[in-house]
2 protein chains.
Amino acid sequence: MAQVLVAPRVRLNRDRVLQAAVGLADQVGIEALSMRRLAEELGVVPMALYKHVANKDELLDGMVEVIVAEIDPPARDAEWKTAVRLRVLSARQMLLRHPWARSVLESRTTPTPAVLDYLESTIGIFLAGGFTVDLTHHVMHAMGSRMWGFTQELFDASADPAQPPADPAAQVAQIQAMTERYPQILQISNAAAHDDSVVAHGCDDKFEFEFALDLLLDGFEQLQAAGWSSSPATPTA
Amino acid sequence: MAQVLVAPRVRLNRDRVLQAAVGLADQVGIEALSMRRLAEELGVVPMALYKHVANKDELLDGMVEVIVAEIDPPARDAEWKTAVRLRVLSARQMLLRHPWARSVLESRTTPTPAVLDYLESTIGIFLAGGFTVDLTHHVMHAMGSRMWGFTQELFDASADPAQPPADPAAQVAQIQAMTERYPQILQISNAAAHDDSVVAHGCDDKFEFEFALDLLLDGFEQLQAAGWSSSPATPTA
DNA sequence: ACCTGAACACCGTTCAAGT
DNA sequence: ACCTGAACACCGTTCAAGT
């Protein structure tokens, strides 16, 4: 009876801990990822983890390192605009693989090396493309979260899997109420709908993302061509 | 001895609970806001709160209602561009008053009435300005978090007050190491510096925010003037 | 109708002990 | 050097009871 439960076959190390954490977050979501749950997953007592990460915050930092390293390096021999576009869309692919990544990226307050590497090489694309340091600075700010492959989705329905399915009658009533109270929201949300009989069908996320991204990239291009500098307070495109 | 501790003078109600929660979050930060701590603040036992909010999630929804209502209504008799600009900058003021608001707004998955009101009237500005429903749809997406008065700040130093002050010698060494490893990041972060002897002096947040905002607004304007429609896959400004 | 007390099932983390 | 066990100080929330 005593020796039946297997001891951990492989010795624990930092990388095994981080990989397991990423995998567990992918499976059960970030709010269900606790030190205790992760330890259980690794067949180990909670305190064993603390030999490999100082605390939960450092665990999250480590998870960020893992996923940021998944982003493709900048395309060599490409025009700046395509290079930035490809890079950002690669980041976006990473985010689709790890739905929890957005909130974790946003929660970190100090950049880890992989993150700095990502920034450094992205900045490099603009500078190599002939952008001034000044313009590159503002352009990086303007990219904001879009640099990570996401915009702020106002309501991320996919992030709320615990939504109870309402019965059809109540749904119809709800839509009717919405139409009266928020007619313009309804109009807008139907704009992208091929069939507009039902509200809930979602937008084309990729299209929306690229719409804003290209708008910004085109704007950057115009500023650069015009020799923009931050001396005047307001940019005029 | 028995009657010394005052009973709650004022009867608890939903609004008192929400106001107290907003105030407490302003003071101690969102991660320190617990049901238990809030109850203590109100001189009441934790479970007393549950008569007025169903659970902590509903408390957070209620807090969002309170702060979104603080945003100024749309300016009457203004051109769409100034109207949107004013509105967004008013939202930004609200966010500066409530540093926790960003993460809470982002965490909500279903919109509350005040949020829907905000969206509805913002959409109204574009439609009244002659935007098609189609273009307005994409424009609202492109605004993303900027609609709430913030862009994704990559590293929000102000959100991390628990940073230990490093000694000057270590700081110099750190800067030296950074210069070698991340020369371009350093160049960029110095672009906005008046004196570039020290790294840590921060960017002009307001300038950066308005830079991106105006870039988008100018882009919207050009699309509208050109009679843009979503039929072609990629917008060409 | 509103508030309370005790309890349950969780957290992250410390500290002293085992091998 | 690495893992363990028991304990501490927290959570959100249920349930049965008080007034």
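The structure presented is a predicted model; accordingly, all values stated were derived computationally and were not measured. One numbering rule holds for all chains: residues counted from 1, following each sequence as written. Each chain is given a letter, starting from A, and each ligand a number, starting from 1, according to the order in which they appear as written. Side-chain atom pairs in this predicted model are given and counted only at pLDDT of 80 or more, local residue features only at pLDDT of at least 70, and totals for whole chains, interfaces and linings cover all residues. Hydrogens and water molecules were not included; the side-chain quantities draw on all heavy atoms of the structure.

### Looking at the protein's contact with DNA strand D
The condition that has to hold: By convention in this text, a residue qualifies as near a molecule or strand provided that one of its non-hydrogen atoms is within 4 Å of it. Definition of a polar contact: a pair of N or O atoms within 3.5 Å, with one able to donate and the other able to accept a hydrogen when the atoms are protein atoms, and with sequence-neighbouring residues admitted only if both atoms are side-chain atoms. Ten residues, namely Ala, Val, Leu, Ile, Met, Phe, Trp, Tyr, Cys and Pro, are considered nonpolar, four, namely Asp, Glu, Lys and Arg, are considered charged, and the remaining ones, Gly among them, are considered polar.
Neighbouring DNA strand D are 16 residues, the closest being His52 of chain A together with Arg36, Met47, Tyr50 and Lys56 of chain B. Here, DNA strand D places atoms within 4 Å of the protein, and 47% of those atoms are sugar or phosphate. Between DNA strand D and valine 45 of chain A there is a distance of 3.1 Å, counted from a phosphate oxygen to a backbone nitrogen or oxygen. Tyrosine 50 of chain B places a polar side-chain atom, nitrogen or oxygen, 2.9 Å from a phosphate oxygen of DNA strand D. Partitioned by chemical class, the residues of the surface near DNA strand D number eight nonpolar, three polar and five charged.

### Structural notes on helix H7 (residues 133–143) of chain A
Residues and elements named next belong to chain A. Note the following rule: Only protein chains enter the area calculation, which uses a 1.4 Å probe; residues under 20% of their type maximum are buried, those over 50% are exposed, and those in between are partly exposed. Helix and strand labels come from DSSP, where a helix needs a run of H or I of at least four residues and a strand needs a run of E of at least two; each type is numbered from the N terminus.
Among the eleven residues that make up H7, nine are buried, leaving the element largely enclosed by the rest of the structure. Regarding H7, the residues found buried are Asp134, Leu135, Thr136, His137, His138, Val139, Met140, Ala142 and Met143. The positive-phi residue at the C-terminal boundary of H7 is glycine 144, with phi of around 50 degrees.

### Here's the deal with the packing of aromatic side chains
Residue and element names in this part refer to chain B. Using the following cut-off: Ring geometry is summarised as follows: Phe, Tyr and Trp rings, the Trp one being its six-membered ring, pair when their centres sit within 6.5 Å, and such pairs are stacked at plane angles under 30 degrees, edge-to-face over 60 and tilted between the two.
Tallied over the entire structure, the rule returns six aromatic pairs over all chains. Ring geometry for tryptophan 80 and phenylalanine 131: centres 4.7 Å apart, planes at 75 degrees, overall edge-to-face. Of the two residues, tryptophan 80 is situated in helix H4 (residues 80–97) and phenylalanine 131 in the loop between helix H6 (113–128) and helix H7 (133–143); the sequence distance between them amounts to 51 residues. Relative to phenylalanine 131, the ring of phenylalanine 126 has its centre 5.1 Å away and its plane inclined at 65 degrees; by these criteria the two rings are edge-to-face.

### Things to note about H6 of chain B
A turn of α-helix holds 3.6 residues, and therefore any two residues three or four places apart point the same way. Residue and element names in this part refer to chain B. The following threshold applies: A helix's residues, less one, multiplied by 1.5 Å, set its expected span.
Taking 1.5 Å per residue, 16 residues should reach 22 Å; H6 reaches 22 Å between its end C-alpha atoms and fits that length. Those residues of H6 lying buried are Ala114, Val115, Leu116, Tyr118, Leu119, Glu120, Thr122, Ile123, Gly124, Ile125, Phe126 and Leu127. Glycine 130 occupies a position one or two residues after H6 and carries a positive phi of about 95 degrees.

### Describing a nonpolar patch on the surface
For clarity, the cut-off: Exposure above 30% relative accessible area and no salt bridge define the residues that can form patches, which grow by joining like charges within 9 Å and nonpolar side chains of Val, Leu, Ile, Met, Phe, Trp and Tyr within 5 Å. Computed with the Shrake-Rupley method and a 1.4 Å probe, the accessible areas treat only the protein chains shown as cover for residues. Only one rule defines a salt bridge in this text: a Lys or Arg side-chain nitrogen within 4 Å of an Asp or Glu carboxyl oxygen.
Taken together, the side chains of Val45, Met47 and Tyr50 of chain A define a hydrophobic patch exposed on the protein surface, amounting to about 310 Å² of accessible area. You can call methionine 47 of chain A exposed: its relative accessible area is 56%.

### Side note on the UniProt feature "domain: HTH tetR-type" (unreviewed entry) in chain A
What counts here: UniProt positions are given in the numbering used here, feature names are shortened, and annotations may be inferred rather than shown by experiment.
The UniProt entry lists residues 11–71 of chain A under the feature "domain: HTH tetR-type" (unreviewed entry), expressed in the numbering used here. Taken end to end, residues 11–71 of chain A is 57% helix and 0% strand, and its first and last C-alpha atoms sit 29 Å apart.

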